[in-house]
Amino acid sequence: MKIKKAVFPVAGLGTRFLPATKAMPKEMLPVVDKPLIQYAVEEALASGIEHLIFVTGGGKGALENHFDRSFQLEETLRKREKFELLKEIESLVPKSGTIIYTRQSEPLGLGHAIWCARDIVGDEPFAVLLADDLIKSETPVLHQMMLQYDRVRASTVAAIEIPKEDTFRYGILDADNSTEDTFRIRGMVEKPPADEAPSNLAVIGRYILTPRIFEILGQQASGAGGEIQLTDAMSQLLKEQPIFGYRFEGTRFDCGDKAGFQMANIAFALEHPEIKDTLLPYLKKMFC
């Protein structure tokens, strides 16, 4: 079955970026001149996703407005003959019926946020994209994963190698043939300390999941931090169905971290045609 729907859990409070996120959703933080959520949406659409499902919370109006028409802005750009900008602004708005919003009423974790989309996704495999994980790649990472899903016909997660001392920040994989690009997962542990981690292979914010995950998440079992953890649900799913890890081609930036966010800005700015020629000499002067 073709992957047609993608879930974007965007209900988080973004406390790591306070005070910037006091009145602005963290997903709207800009990398150069586009908010994080736009990069994720563009990746999904470029991969062939047809329906975008946003699981939101309070204070996310700016995010919803970003993907809606702004008639006053469009008319102002038209009058000023800024047609390139107008075209770009109009392209932000997917065709009617493409975006669906649902609410996570309580901050009960990533697993709970995904469960909130169960009735919209229905009985079909689906993708999950976390906007915090910005990935720079020639081929959209979700598209790479969809090709792997077509081959293995099972839940698939994006995986990277991390420093051993950072395992407490990630879902960590126990895997067969983990040196291969695609490998079968034996087990998953949520945020283990380094001395208890089965490997240094971590799951990052790209998933393709089978609908069985909703029934498991619906049991509302709490895990690390008292939240409903997706990793715990996937560990239970492993008892019934295979799950594969995939080493994608591309560079991932952890934009949920202040340093990672700044690294992403530099990397994307150095490829931006309007500013790269000004920025590069400045960086050389700073560090040479």
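Residues numbered from 1 in each chain as written. Predicted model: local features only at pLDDT ≥ 70, side-chain atom pairs only at ≥ 80, totals over all residues. Heavy atoms only, no water.

A. Spotlight on the environment of Ala-46. By the element assignment, Ala-46 lies in helix H1 (residues 36-46). With a relative accessible area of 55%, Ala-46 lands in the exposed category. (Helix = DSSP H or I, 4+ residues; strand = E, 2+ residues; numbered from the N terminus. Buried < 20%, exposed > 50% of the residue type's maximum accessible area, 1.4 Å probe, protein only.)

B. Up close: the environment of Lys-285. With respect to the helices, strands and loops of the structure, Lys-285 is situated in helix H11 (residues 276-287). Judged by its relative accessible area of 70%, Lys-285 is exposed. The spacing of Lys-285 and Glu-190 is 95 residues in sequence and 42 Å in space, taken between C-alpha atoms.

C. Just the pairing of strand E1 (residues 5-9), in detail. Among the five residues in E1, five count as buried, and that is most of the element. Both faces of E1 are covered, namely the face carrying Lys-5, Val-7 and Pro-9 and the face carrying Ala-6 and Phe-8. Both E1 and strand E6 (residues 126-129) contribute to a ladder of two bridges, which runs parallel. Residue Ala-6 lies in a different strand from E6, and its bridge partner there is Ala-127. (Pairing = 2+ DSSP bridges.)

D. Just unusual backbone geometry, in detail. Following Leu-18, the chain continues into Pro-19 via a peptide bond in cis, with omega recorded as 5°. You can see Pro-19 is positioned in the loop between E1 and strand E2 (30-31). With a phi angle near 65°, Val-32 is a residue other than glycine that sits in the positive phi range. Residues other than glycine seldom take positive phi values, yet Arg-153 does so here, at roughly 55°. By secondary structure assignment, the location of Arg-153 is in the loop between helix H7 (141-152) and strand E8 (155-161).

E. Focus on the packing of aromatic side chains. On inspection of all chains with the given rule, the structure shows seven aromatic pairs. For the pair Phe-17 and Phe-261, a centre-to-centre distance of 5.5 Å together with 75° between the ring planes defines the contact as edge-to-face. Note that Phe-17 is positioned in the loop between E1 and E2 and Phe-261 in helix H10 (residues 258-269), a separation of 244 residues in sequence. Take Phe-17: its relative accessible area is 11%, and that puts it in the buried class. For Phe-261, a relative accessible area of 8% translates into the label buried. One aromatic cluster is present, formed by Phe-8, Phe-54, Phe-67 and Tyr-101 through successive ring pairs. Its guanidinium or amino end placed over the ring of Trp-115, Arg-118 lies 3.6 Å from that ring's centre, counting from NZ or CZ. (Phe/Tyr/Trp six-rings, centres within 6.5 Å; stacked < 30°, edge-to-face > 60°. Lys NZ or Arg CZ within 6 Å of the ring centre and 35° of its normal.)

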